[in-house]
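Single-letter residue listing:
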Amino acid sequence: MSRSLPNIIITGTPGVGKTLHCELLAERVPGMKHLSVNDVVKEKECHEGYDEEFQSWIVDEDKLLDTIEEQVKAGGCIIDWHACDLFPKSWIDLVVVLRVDHTTLYDRLKARNYPENKLQENLDSEIMEVLLQEARDSYDEEIVVELQSNDTEDMESNVDRIEAWIPQRNYGEGPGSGRIVKEDDYSDNKIDISNNEQNPKPSLWRVLNVISNTVPRKALKMAHDIRQQVNFITGNKNKLTEVKAILEPAIQVDSRALDLIEVQAATMEEVTIDKCRRAADLVMGPVLVEDTCLCFDALNDLPGPYILGHDGLNKLLAGHEDKSAKAVCTFAYSAGPGHEPILFQGITEGKIVPARGPANFGWDPIFEYEGKTYAEMTKEEKNKISHRFKALQKLQAWFKLQLTT
Ligand SMILES: O=c1nc[nH]c2c1ncn2[C@H]1C[C@H](O)[C@@H](COP(=O)(O)OP(=O)(O)OP(=O)(O)O)O1
Ligand SMILES: [Mg+2]
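Values in this document were obtained by computation on a predicted structure and should not be read as measured data.

Asker: Can you help me understand the overall build of the chain in this one?
Answerer: When helices and strands are tallied, the chain shows 14 helices and 16 strands. Out of the 405 residues belonging to the chain, those deemed buried represent 50%. Within the chain, counting contacts between residues at least 6 apart in sequence, those at least 24 apart form 67% of the total. Roughly 19,500 Å² of accessible area belongs to the chain as shown, and the carbon and sulfur atoms make up 50% of that amount.

Asker: Would you mind going over the packing of aromatic side chains with me for this structure?
Answerer: Where two aromatic rings form a pair, the distance of their centres and the angle of their planes describe that pair. Counted according to the given criterion, the structure contains nine aromatic pairs. When the centroid spacing of 6.0 Å and the interplanar angle of 45° are considered together, the rings of Phe232 and Phe331 count as tilted. Taken as a pair, Phe232 in strand E9 (residues 228–233) and Phe331 in strand E13 (residues 324–334) lie far apart in primary sequence, 99 residues in all. Seen in terms of ring centroids, Tyr333 and Phe399 are 5.3 Å apart; in terms of plane orientation they differ by 75°. Their pairing is edge-to-face. With Tyr333 in strand E13 and Phe399 in helix H14 (residues 387–404), this pair connects stretches of sequence that are 66 residues apart. Neither residue differs from the other here; Tyr333 and Phe399 are each classed as buried.

Asker: I tried to follow the packing of helix H1 (residues 18–28) against helix H7 (residues 152–165) on my own but got confused; where do I start?
Answerer: Between H1 and H7, whose axes approach to 10 Å, the crossing angle comes to 50°. Here H1 is positioned oblique relative to H7, judged by the angle of their axes. As H1 runs across H7, the sense of the crossing is right-handed. Between H1, through Leu20, His21, Leu24, Leu25 and Arg28, and H7, the contact on the second element is made entirely by Met155, Glu156, Asn158, Val159, Asp160, Ile162 and Glu163.

Asker: Could you clarify how one ought to interpret the side chain of Asn231 in this entry?
Answerer: One can find Asn231 in strand E9. Excluding anything up to four places from it in sequence, Asn231 contacts Asp254, Ser255, Arg256, Val283, Pro286, Val287 and Leu288.

Asker: Quick question: what am I supposed to make of the sheet that holds strand E1 (residues 8–11) here?
Answerer: Hydrogen bonding along the main chain pairs the strands of a sheet, whether they run parallel or antiparallel. A sheet is described by the order of its strands in space; here five strands give the open sequence E2-E5-E1-E6-E7, paired in parallel fashion. At either end of the open sheet lies a strand with only one pairing partner, and these are strand E2 (33–36) and strand E7 (144–148). On average, each strand axis in the sheet is tilted by 25° relative to the strand beside it, whichever way the strands run. Two strands pair when backbone bridges link them, and E2 and strand E5 (residues 77–80) are joined in this way by four bridges, in the parallel orientation. By the bridge assignment for E5, Lys33 is matched with Cys77. Seen against the sheet, helix H3 (residues 61–73) touches E2 and E5 and runs at an angle of roughly 165° to E2.

Asker: Please explain the UniProt feature "binding site: Mg(2+)" (unreviewed entry) in the chain as it appears in this structure.
Answerer: According to UniProt, the "binding site: Mg(2+)" (unreviewed entry) feature falls on Glu262 and Asp291. Spatially, the listed residues are clustered: although they cover 30 residues, their C-alpha atoms lie within 9.2 Å of one another. Positionally, Glu262 belongs in the loop between strand E10 (251–256) and helix H11 (268–283). For Glu262, a relative accessible area of 38% corresponds to the partly exposed category. Aside from chain neighbours lying at most four places away, what touches Glu262 is Val271, Lys275 and Asp291. Assignment of secondary structure puts Asp291 in strand E11 (residues 287–296). The buried category is assigned to Asp291, whose relative accessible area is 4%. In contact with Asp291, not counting residues within four places along its chain, are Lys239, Glu262, Val271, Thr272, Lys275, Pro305, Val328, Cys329 and Thr330. Within the structure, Asp291 has its side chain in polar contact with the side chain of Lys275 (distance 3.0 Å).

Cut-offs used in this document
Residues numbered from 1 in each chain as written. Chains lettered and ligands numbered in written order. Predicted model: local features only at pLDDT ≥ 70, side-chain atom pairs only at ≥ 80, totals over all residues. Heavy atoms only, no water. Helix = DSSP H or I, 4+ residues; strand = E, 2+ residues; numbered from the N terminus. Buried < 20%, exposed > 50% of the residue type's maximum accessible area, 1.4 Å probe, protein only. Contact = heavy atoms within 4.5 Å. Areas by Shrake-Rupley, 256 points an atom, 1.4 Å probe, with all protein chains shown as cover. Phe/Tyr/Trp six-rings, centres within 6.5 Å; stacked < 30°, edge-to-face > 60°. Axes fitted to C-alpha atoms, helices over the stretch in contact; angles between N-to-C directions. Parallel < 35°, antiparallel > 145°, perpendicular 65-115°, else oblique. Left-handed = near helix turned anticlockwise from the far one by under 90°. Pairing = 2+ DSSP bridges. UniProt positions renumbered as here; feature names shortened; annotations may be inferred. Polar contact = N/O pair within 3.5 Å; in protein donor to acceptor, adjacent residues only side chain to side chain.

Shown next, in the form of structure tokens:
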């Protein structure tokens, strides 16, 4: 079906200025209308509800396409959304991907009060050209244009260019019929992505976090599918609670309570590796295990894994001046039976004191760090400085790396 006015997608990372571009263009060009997908999704309820975990409306893509089909087929739509791959190729004549400098984007998102982590994901995504890549993967190369959008001058000139391209022909006659650009017109705007292949492919996790508050169902499903998960094998409920508090929601923590035999070995690393192998064999799948040691400097790192009640621990040090101690946490992750465990260790240095604070978890009341025993701290406080937290930080960094390589 041909149309006298083209359909244009204006896309890009949140904060690049999509909506301003769309509004300006719609004002300038008679017959062209701004179609904000965020608004349509909410007003026409083209969603399957709200995903609390990702803080996003889950877009029902079929319903969205049905809702806008008639309008789009008539032509003259300026489609405003951060995702573009769901619109049928035959509907679209031009895809404009707006780009912005990192510092400018940072300032804009900061002004929108984005939380720091979401802000960082958006910056990463812009740097990694996630949305440009999506546009290039979804449409013929010649209808995808990348334009800089750093200030009002850029915006004016972008809108001029798009406007100048509009009154050309009947659109929708086939691929590339709405070709806009002579390459050299835009050479100054082109970012060299020729070596993009070498960059780690941006993960869907990132793509998803880019999204402000509506998200295609497909993307959400993939995000849930690739969301990282561990099966933490432990007999200790307190450990599990802490591990969940530290890792979730980035990494989902499932658990099985199995009492694993801890072999006595020369080093705590060996103890943990052995425990991890046994666990992997037992559940026949990927596992995470952990072993905690308390090491007293005066006793040459004893008692190590041989932890007693805390009275006993205090008595051990009775004759010693030096009460300094290290809490050492060693996690081991195995991808399954036969896979070599990978270790992540965290150490917090403190000292052993007479018990203070509630006796909820092992030796928490006698391990003092910067004036407070673990037991005197809130959960949040402990989980920011503990041996367990430090080890899990390393684990998280490693998991993140697995996603991008
Ligand atoms: O943050 C901690 N704060 C206080 N006490 C702690 C902590 N972390 C471990 N602990 C205690 C529990 C156990 O008495 C011993 C370590 O033994 P450890 O073998 O690692 O733990 P576990 O046998 O209770 O659980 P698991 O099934 O994971 O082996 O130190
Ligand atoms: Mg144990």
